[in-house]
Amino acid sequence: MTKRLIFIGGGNIAQAMITPLIHDFNITVIQRNHAKAQLLQQKFNGITVTDSLSFLPNRDDIVILCVKPQDAKSCCTQYLKMLDSCIVLSVMTGITVATLSSWLNNDRVIRSIVTGK
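Rules used in this analysis
- Residues numbered from 1 in each chain as written.
- Predicted model: local features only at pLDDT ≥ 70, side-chain atom pairs only at ≥ 80, totals over all residues.
- Heavy atoms only, no water.
- Pairing = 2+ DSSP bridges.
- Helix = DSSP H or I, 4+ residues; strand = E, 2+ residues; numbered from the N terminus.
- Axes fitted to C-alpha atoms, helices over the stretch in contact; angles between N-to-C directions.
- Contact = heavy atoms within 4.5 Å.
- Salt bridge = Lys/Arg side-chain N within 4 Å of Asp/Glu carboxyl O.
- Buried < 20%, exposed > 50% of the residue type's maximum accessible area, 1.4 Å probe, protein only.
- Right-handed = clockwise from strand over helix to strand, strands pointing away.

1. Looking at the sheet that holds strand β3 (residues 48-50)
Moving on, step 1. With respect to topology, six strands assemble into an open sheet ordered β3-β2-β1-β4-β5-β6, the strand pairing being parallel. Bordering the open sheet on either side are β3 and β6 (109-111), each of which pairs with just one other strand. For this sheet, the mean inter-axis angle between neighbouring strands, taken without regard to orientation, is 20°.
Moving on, step 2. Note: strand β4 (residues 62-65) against strand β5 (residues 87-90), four bridges, orientation parallel. Across the sheet, the residue bridging to I62 is I87, located in β5.
Moving on, step 3. Each of β4, β5 and β6 is contacted by helix α4 (residues 97-104), which is oriented at about 150° to β6, the strand it contacts most.

The structure is reproduced here in structure tokens:
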């Protein structure tokens, strides 16, 4: 079975991560902005782009939080019951694993910061 990656946020960091992974994973991107969602769908043939997380991720799915740090708490609150058992990878700066774990009621949170050159 192909592992599923679920990106919450489809901005530059998400796109940089999707590029090398697109052929090896089943990828879903949650992008609320309709125009950005259309661009993502055109750029990455074969991924699913939707405006909300409408399914319950499996325990082995990896959810990648790619939202702006100021939007993190509301995002976690919105998806609290859906993300309480899957693996969550945060690429946001300034928000600790402990904070995200408490917001999500999930101890399977990993933090990795993506930086430029």
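After that view, the rundown keeps rolling.
2. Focus: the pattern of salt bridges
Moving on, step 1. Scanning all chains against the criterion turns up one salt bridge.
Moving on, step 2. A salt bridge links R4 to D61, with the nearest nitrogen and oxygen atoms 2.7 Å apart. Here the residue R4 occupies a position in strand β1 (residues 4-8), and D61 occupies one in the loop between β3 and β4, the gap between them amounting to 57 residues. Each member of the pair, R4 as well as D61, is classed as buried.

3. Overview of the environment of M17
Moving on, step 1. With respect to the element layout, M17 can be found in helix α1 (residues 12-21).
Moving on, step 2. Once the C-alpha coordinates of M17 and L5 are considered, the two residues, twelve residues apart in sequence, prove to be 11 Å apart.
Moving on, step 3. Those residues in contact with M17 that lie beyond four places of it in its chain are F7, I64, L89 and V91.

4. Looking at the side chain of S90
Moving on, step 1. Residue placement: S90 occurs in strand β5.
Moving on, step 2. Excluding residues that lie within four positions of it along the chain, S90 makes contacts with L65, L100, I110, R111 and S112.

5. Focus on the pairing of β1
Moving on, step 1. Of all five residues that make up β1, five are buried, and the element is covered over most of its length.
Moving on, step 2. Burial along β1 is two-sided: R4, I6 and I8 and L5 and F7, pointing in opposite directions, are all buried.
Moving on, step 3. Of the strand pairs in this sheet, β1 and strand β2 (residues 26-30) are connected by five bridges, and their pairing is parallel. Within β2, the position partnered with L5 by the bridge is I27.
Moving on, step 4. One ladder, built from four bridges, connects β1 with β4; its direction is parallel. Paired with I6 across the two strands is V63, which belongs to β4.

6. Things to note about the pairing of β5
Along a regular strand, successive side chains alternate from one face of the sheet to the other.
Moving on, step 1. Side-chain alternation along β5 places I87 and L89 on one buried face and V88 and S90 on a second face that is also buried.
Moving on, step 2. A crossover links β4 with its parallel partner β5, the connecting element being helix α3 (residues 72-78), and its sense is right-handed.
Moving on, step 3. Pairing geometry for β5 and β6, over three bridges, is parallel. Pairing of V88 across the sheet is with V109, part of β6.
Moving on, step 4. For the handedness criterion, the β-α-β arrangement of β5, α4 and β6 is classed as right-handed.

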